[in-house]
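Structural description and commentary
Letter by letter, the chains look like this.
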Amino acid sequence: MAAGKKKRTKRRQGQARKSGAGKKSSTSAKRAIRSEEVEAAPYEILPQAQEPAPITAVPTGPAPIEVPESAVQEAVTVPEPPPASVPPPEVPPTHVDPPVPQTPPVIVAATAVAVPVGARERVLARPSKPWRVLGALALLAALTYAVPGLSRFRPVRAGASADLRPQVRLLVWKEEMEPIAPPPLRPLARADVADALAALRRVTESEPALVGPNPFPYMQASQSVLSGLSGTGTIEDPSGAMGHFYTSLLNTRALQPGAVTRIVHLGDSPIVGDLISGGARERLQSLYGDAGHGWTMPGRPWDWYYHYGVILDSAGWRPRSPLFGNGGTGRCGLNGVAFVSSSPSAVCRVATVSRGLGRAVSHFKVYFCTTEHGGTLLASVDGGTPFEIITSASPRAAVVRDIPVPDGRHVLTLHPKGDGEVSLYGVALERDLPGVVYDSVGASGGTAHFLTLLNRDDWEENLRERAPDLVILNYGTNESTYGYFPKDMFAADYREVVRRVRRTVPEASILLMAPMDRGTRDPAGQIVTLPAIPKLVDAQRAVAEEMGCAFFDTYKAMGGEGTMARWHARENRLVTGDLTHPTPVGADYISKLLVDALEQGCAEYGERRNGK
């Protein structure tokens with residue numbers, strides 16, 4: 001009986017093995033059929049949204065399958081994104097400021113549904129739920145690239161870095177203007193960048209006096225580098241608009257108690273890099289005394305933002321500005337950029353340098369915005385115990401908090417407590433000594449039109465607190481590439497800005513500073529001046545005369561038409577490969593022309609005041 005039982009057990013095991021093999025074979029066959037159907041099933045992939053600049057996206061869904069044309073008999077078309085309801089703004093394709101490195105585009109592949117050939121009568125099977133969700137997300141992501149108005153929702157932005165610095169857009173007028181048809185601008189090539197870096201290395205003859213975050217720190221141009229340059233400029237001031245500034249400068253020179261001369265220099269990308277303004281600050285403080293570095297933003301909205309004489313370390317803040325399309329009501333302070341965060345991990349550190357001008361500070365002035373639900377800002381000096389700065393108040397207003405410290409080297413640290421949103425505008429460094437304070441207030445892509453878009457109350461309150469003796473308005477470079485000459489609108493914006501300055505600081509002198517020459521290559525490859533530059537210079541001069549302001553013709557002082565061609569041809573080049581932005585030494589030469597003109601005007605004013 002035991003033997004019979006053993007035989008029956010073996011027979012059952014054999015049948016089980018045969019049954020399992022059959023199931024396994026059947027499963028493999030089904031998988032093979034399904035694989036053949038997928039390989040033979042034609043389909044279409046969602047086309048990539050066309051953008052003027054390359055974009056980066058993370059592929060979603062399975063990798064696309066290559067299908068030979070002979071096998072394509074039937075396709076399932078994925079609907080294209082609906083067209084944008086709002087037409088894109090008419091923004092010129094060129095931009096003045098240094099290019100943001102772009103990441104090569106990655107095509108977004110949509111999830112495809114495979115349908116066997118000849119199954120026309122069958123109802124298309126819906127993909128599984130996870131793939132439906134991923135496909136919908138892919139379509140939504142593609143829409144953000146196809147519709148310009150949804151750009152802020154893009155999951156990945158070209159050129160965006162880890163600290164959420166947004167791209168800059170030009171602020172232009174929509175009205176038709178006088179066309180000027182400039183020569184086509186050639187994009188900045190890798191060879192130009194390498195050439196510019198080589199030129200900078202050649203002009204670096206000694207260790208720089210100042211320490212800062214920029215890889216090419218400020219240095220005064222040596223006579224050997226500037227040999228052959230003989231440009232001169234004068235302050236055109238028929239109405240005597242510079243009298244208040246010259247009087248303040250003479251009192252500072254006489255070391256009168258409390259005699260501090262304050263300058264606010266507003267401009268575009270060269271001022272963002274503290275190129276011209278940094279050289280002017282160095283020269284004027286060497287002549288009249290160091291009363292503090294002045295204004296700096298609490299973070300870097302652009303990679304090339306830096307200030308000579310200040311060490312800035314910031315992370316975790318979200319920049320807001322009309323320049324980025326997220327400026328809201330324009331409450332962005334004097335610089336036109338607000339830095340917002342509610343996270344305790346956000347930090348801003350502002351420190352003085354170890355040597356040279358700017359190595360000491362007596363007052364840190366923190367500029368911020370109060371709101372009804374504003375959070376608490378924690379501040380500490382030199383790693384000491386933090387103290388609270390309350391930013392909750394109603395109505396909303398621009399406020400400044402003065403933090404006095406013993407004159408010397410210091411580090412100010414700021415970060416949100418985490419109980420609400422904090423909005424920072426800037427930090428100013430000053431000293432209790434006679435001398436010059438030079439505020440460098442630059443905006444990449446900035447124009448006079450940009451200033452009119454800022455909230456008037458906050459901007460004017462910041463300017464009033466800075467109490468400048470001289471306000472320099474230094475725009476025009478960005479407007480030179482609009483493709484038309486915006487004379488009327490350009491002049492109207494300048495008049496409005498001058499009126500705002502006069503209403504806020506009526507005693508201050510106002511100086512309109514013309515843009516530098518800007519070069520481009522004509523069809524023959526020769527470097528020529530953009531046609532709009534001399535037109536913009538003439539328009540600025542006319543506004544200065546009309547509004548009773550002083551005028552400095554930077555374009556003429558540096559050599560006029562064709563200057564960038566001559567600067568680019570020098571062995572020690574004074575302009576980078578984009579034919580727009582000067583090298584540090586080229587910028588210092590511009591600052592020398594400006595300060596020499598101010599010094600000459602001040603000397604002549606002093607002689608007239610003394611009756612000589």
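For the structure itself, consult the block above.
Note that this is a predicted model, so its numbers are computed, not measured. (Residues numbered from 1 in each chain as written. Predicted model: local features only at pLDDT ≥ 70, side-chain atom pairs only at ≥ 80, totals over all residues. Heavy atoms only, no water.)

Overview of the pattern of salt bridges
Within the structure shown, the criterion is met by 25 salt bridges. A salt bridge links Arg 431 to Asp 290; the nearest nitrogen and oxygen atoms lie 3.6 Å apart. Remark: Asp 290 occurs in the loop between α6 (275–288) and β4 (294–296) and Arg 431 occurs in the loop between β14 (422–430) and β15 (435–442); sequence separation between them is 141 residues. Taken as a pair, Arg 431 and Asp 290 share a single burial class, namely buried. Asp 596 is the salt-bridge partner of Lys 592, the closest N and O atoms lying 3.0 Å from each other. With Lys 592 and Asp 596 both in helix α13 (residues 584–609) and 4 residues apart, this pair spans about one turn of that helix. Here Lys 592 falls in the partly exposed class, since its relative accessible area comes to 28%. Each of Arg 262, Lys 365, Glu 430, Asp 439, Glu 465 and Arg 466 takes part in a single network of salt bridges with overlapping partners. (Salt bridge = Lys/Arg side-chain N within 4 Å of Asp/Glu carboxyl O. Helix = DSSP H or I, 4+ residues; strand = E, 2+ residues; numbered from the N terminus. Buried < 20%, exposed > 50% of the residue type's maximum accessible area, 1.4 Å probe, protein only.)

Observations regarding the sheet that holds β15
One open sheet accounts for 6 strands, arranged β2-β21-β18-β16-β3-β15; its pairing is mixed. Every other strand in the sheet has two partners, leaving β2 (235–236) and β15 as the edge strands with one partner each. Bridge analysis of strand β16 (residues 470–474) against strand β18 (residues 509–513) gives 4 bridges, and the strand direction is parallel. The partner of Leu 470 across the bridge, within β18, is Ser 509. Sheet contacts for α6: β3 (260–267), β15 and β18; angle to β15, the most-contacted strand, approximately 175°. Where α13 meets the sheet, its contacts fall on β2, β15, β16, β18 and β21 (550–552), and the angle it forms with β18 comes to roughly 140°. (Pairing = 2+ DSSP bridges. Contact = heavy atoms within 4.5 Å. Axes fitted to C-alpha atoms, helices over the stretch in contact; angles between N-to-C directions.)

Digging into the packing of α6 against α13
Where α6 contacts α13, the two axes come as close as 7 Å, and the packing angle between them is 50°. It follows from the interaxial angle that α6 and α13 lie oblique. By crossing handedness, the relation of α6 to α13 is classed as right-handed. Packed against α6, whose contacting residues are Leu 275, Ile 276, Gly 279, Ala 280, Arg 283, Leu 284, Leu 287 and Tyr 288, the element α13 presents Pro 584, Ala 587, Asp 588, Ile 590, Ser 591, Lys 592, Val 595 and Glu 599 at the interface. When the residues that make up the contact of α6 with α13 are grouped by side-chain class, the tally is 10 nonpolar, 2 polar and 4 charged. (Parallel < 35°, antiparallel > 145°, perpendicular 65-115°, else oblique. Left-handed = near helix turned anticlockwise from the far one by under 90°. Nonpolar A, V, L, I, M, F, W, Y, C, P; charged D, E, K, R; others polar.)

What to know about the pairing of strand β10 (residues 376–381)
Burial analysis of β10 places 5 of its 6 residues in the buried class, the great majority of the element. Pairing geometry for β10 and strand β11 (residues 387–390), over 4 bridges, is antiparallel. In the strand pairing of β11, Ala 379 is matched with Phe 387. Between β10 and β11, which pair antiparallel one after the other, the connecting turn spans 5 residues, and Asp 382 there sits at a positive phi close to 55°. Pairing between β10 and strand β13 (residues 411–416): 5 bridges, direction antiparallel. Across the sheet, residue Leu 378 finds its bridge partner in β13, namely His 415.

Focus: the pairing of β18
The buried fraction of β18 amounts to 5 of the 5 residues, a majority that puts the element mostly inside the structure. Where burial is concerned, the two faces of β18 agree: the one with Ser 509, Leu 511 and Met 513 and the one with Ile 510 and Leu 512 are both buried. Where β18 and β21 come together, 3 bridges link them in parallel fashion. What sits directly across from Leu 511, in β21, is Ala 550.

Side note on the packing of helix α8 (residues 456–466) against helix α9 (residues 487–504)
Relative orientation of the contacting elements α8 and α9 amounts to 55°, with a least axis distance of 9 Å. In terms of axis orientation, α8 runs oblique to α9. Read as a crossing pair, α8 and α9 show a hand that is right-handed. The residues of α9 that touch α8, namely those facing Arg 456, Trp 459, Glu 460, Leu 463 and Arg 464, are Arg 500, Val 501, Arg 503 and Thr 504. When its residues are assigned to classes, the contact of α8 with α9 shows 3 nonpolar, 1 polar and 5 charged.

Overview of the side chain of Asn 474
The residue Asn 474 is located in strand β16 in this model. A relative accessible area of 7% places Asn 474 in the buried class. A polar atom in the side chain of Asn 474 sits 3.2 Å from the side chain of His 265. Within the local environment of Asn 474, its side chain forms a polar contact with the backbone oxygen of Met 513, the two atoms lying 3.2 Å apart. Discounting residues that sit within four places of it in the chain, Asn 474 has contacts with His 265, Leu 266, Gly 267, Asp 268, Ile 271, Tyr 494, Met 513 and Ala 514. (Polar contact = N/O pair within 3.5 Å; in protein donor to acceptor, adjacent residues only side chain to side chain.)

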